[in-house]
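Close look at the chain arrangement
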Amino acid sequence: MKFSFLTLFPALIESYFADSILKRAIQKHLIEVESINIRNFALDKYKKVDEPPISGGAGQVMKADVLFAALQSVRDSHIIFLSPCGKPFNNYDALRLSKKTHISFVCGRYEGFDERVIEERADEVFSVGDFVVTGGELPALMLCDSISRFVNGVLGNADSLKEESFESHLLEAPHFAKITHNTSFSAVPSVYLKGNHSKIISLKKCLAICKTKYFRPDLYQAYHTYLRDEQRKEK
């Protein structure tokens, strides 16, 4: 699985893979990551990559001709743009995209991209939320991290992917860990301590439903829709 990041700031990308799970995934050759500096494809001696918008207004727009040239280097990959206009990225997108062999993320800066580049080169456009950040590097890294988790072998324990948040439209059940010294915390559910796995699974499902209903009523509604659809299929 190869990830390419087209960016004006390669150091922002490279530092993210210097530690932890994704560093080990690279060392094991499970994923490959490259940063492509868009400025290297600038067409003038000043390496200029932006121009004022033709329509007027504040800010600068990344030049179409420079981006087209940069994208030629990854033309055989699945090209993803990060933009507020994109589809909200979710866990199902991560699972689907983990089946690709090469994904390229185009990280915007300034006021964004020349729209013609998105129309002609984007395979998909994603957003990570209804807010604006200073550049596309952080959203691209979020997508890469989420997709990588589904690549076989990246997570040390494959069971970590089971019963996660957003599986079956529910948030994950609450977790607890043993406390050795401080006794001021409230007790954990006693079922967790008795080793009856069927009861633990049942309680976790119940707690996941309660947690989803409280924190994400939109997901809770989707969960009920999912249950109704499954019941209709059974009939």
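Right above here is the structure, for reference.
Keep in mind that what you see is a predicted model, and the values were worked out from it rather than measured.

**Side note on helix H3 (residues 64–71)**
Counting buried residues along H3, 6 of its 8 residues qualify, which places the element largely inside the surrounding structure. Listing the buried residues of H3 in full gives Ala64, Val66, Leu67, Phe68, Ala70 and Leu71. On its buried face, H3 sits against strand S1 (2–7), strand S4 (61–62), strand S5 (78–88), strand S6 (102–106) and helix H5 (115–121).

**Digging into the side chain of Asn37**
Mapped onto the elements of the fold, Asn37 is located in strand S2 (residues 32–37). Within the local environment of Asn37, its side chain forms a polar contact with the backbone nitrogen of Arg39, the two atoms lying 3.0 Å apart. The contacts of Asn37, once residues within four sequence positions are left out, are Thr7, Leu8 and Pro10.

**With respect to the environment of Ser186**
Mapped onto the elements of the fold, Ser186 is located in the loop between helix H6 (137–148) and helix H7 (197–215). With 168 residues separating them in the primary sequence, Ser186 and Ala18 have C-alpha atoms 38 Å apart.

**Quick word on the nonpolar core**
Grouped together as the largest cluster of nonpolar side chains are 24 residues, with contacts concentrated most on Phe3, Phe5, Ile80, Phe105 and Ile147. Those elements that place two or more of their residues in this core are S1, helix H2 (20–27), S5, helix H4 (91–97), S6 and H6. Ranked by the residues each element gives to this core, the list is headed by H6, at 5 residues. When sequence neighbours within four positions are dropped, the list of residues in contact with Ile80 reads Leu97, Ile103, Ser104, Phe105, Val106, Glu124, Phe126 and Leu143.

Conventions used here
- Residues numbered from 1 in each chain as written.
- Predicted model: local features only at pLDDT ≥ 70, side-chain atom pairs only at ≥ 80, totals over all residues.
- Heavy atoms only, no water.
- Buried < 20%, exposed > 50% of the residue type's maximum accessible area, 1.4 Å probe, protein only.
- Helix = DSSP H or I, 4+ residues; strand = E, 2+ residues; numbered from the N terminus.
- Contact = heavy atoms within 4.5 Å.
- Polar contact = N/O pair within 3.5 Å; in protein donor to acceptor, adjacent residues only side chain to side chain.
- Core = buried A, V, L, I, M, F, W, Y, C linked by side-chain atoms within 4.5 Å.

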